[in-house]
Amino acid sequence: MATEEALVDGLRAGDPEALATLFDRHGDRIYNHCFRATGDWGEAEDAVSTVFLEVWRHRRRVRLHDGSALPWLYGVATNVCRNLTRSRRRRLRALAALPRPEPVPDHADRVADRLGSTEQMAAVLAAIEALPPHEREVLGLVAWSGLTYEQAAAALDVPVGTVRSRLSRARARLTDLTTDPREDER
């Protein structure tokens, strides 16, 4: 087992195995330190990765204290966590300054309403198609176009009484055609 001094000498010489051994020896302690500093396991993992990246980048600056590199690693970890925390605060402040998004109505509700309307209209049109043509004409002019009985009679060149009776028969047939037979069973 290599001494810390030998590992630091290897690290300063650019030996990646020395870094791996330092990580194996002290990684868990640095991880726990980072967790205590950030309060988040995921951020602690990121911090540990950054700590050992910084150790590699600044390997010529590694210092021993009482024969151990651990105090220096803790110093690097503290700085990394401080930077992460500062970064998180800035990000949260920036997000808080953004205007709140306006609520958007759920598109699914509108689609469901339109589908329901389409189905209802299809059922109504199917029922109207089942009417005799002369009753469909009266229904279209009076109920949908808004003509009076007299206006519909003039448009169709029939007596007003005929318009009234055709409309009455059309309404009765539509009621029969559009009533759900299961409603009678209830």
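Residues numbered from 1 in each chain as written. Predicted model: local features only at pLDDT ≥ 70, side-chain atom pairs only at ≥ 80, totals over all residues. Heavy atoms only, no water.

**Q** Is there a simple way to think about the packing of aromatic side chains in this case?
**A** Between two aromatic rings, the relevant description is the distance of the centres plus the angle of the planes. By the definition in use, this model includes three aromatic pairs. Judged by centre distance (4.9 Å) and plane angle (80 degrees), the rings of Phe23 and Phe52 are edge-to-face. Of this pair, Phe23 sits in helix H2 (residues 16-38) while Phe52 sits in helix H3 (residues 41-57), and the two are 29 residues apart along the sequence. Of the residues examined, Phe23 reaches a relative accessible area of 39% and is grouped as partly exposed. (Phe/Tyr/Trp six-rings, centres within 6.5 Å; stacked < 30°, edge-to-face > 60°. Helix = DSSP H or I, 4+ residues; strand = E, 2+ residues; numbered from the N terminus. Buried < 20%, exposed > 50% of the residue type's maximum accessible area, 1.4 Å probe, protein only.)

**Q** Explanation requested: the packing of H3 against helix H4 (residues 70-97) in the structure shown.
**A** For any two helices packed against each other, one specifies the inter-axial angle together with the distance between the axes. It is at 9 Å that the axes of H3 and H4 come closest, and there the two elements cross at 130 degrees. Relative to H4, H3 is oriented oblique. Crossing of H3 against H4: the hand is right-handed. For the pair formed by H3 and H4, the contact residues are Glu43, Ala47, Thr50, Val51, Phe52, Glu54 and Val55 on the first element and Trp72, Leu73, Val76, Ala77, Val80, Cys81, Leu84 and Arg88 on the second. Across the contact of H3 with H4, the residue classes break down as eleven nonpolar, one polar and three charged. (Axes fitted to C-alpha atoms, helices over the stretch in contact; angles between N-to-C directions. Parallel < 35°, antiparallel > 145°, perpendicular 65-115°, else oblique. Left-handed = near helix turned anticlockwise from the far one by under 90°. Contact = heavy atoms within 4.5 Å. Nonpolar A, V, L, I, M, F, W, Y, C, P; charged D, E, K, R; others polar.)

**Q** Could you clarify how one ought to interpret H4 in this entry?
**A** For an α-helix the count is 3.6 residues per turn, leaving residues at separations of three or four pointing the same way. Here H4 is 28 residues long and its end C-alpha atoms lie 40 Å apart, about the 40 Å a rise of 1.5 Å per residue gives. Buried within H4 we find Leu70, Trp72, Leu73, Val76, Ala77, Val80 and Cys81. On its buried face, H4 sits against helix H1 (4-12), H2 and H3. (Expected span 1.5 Å × (residues − 1).)

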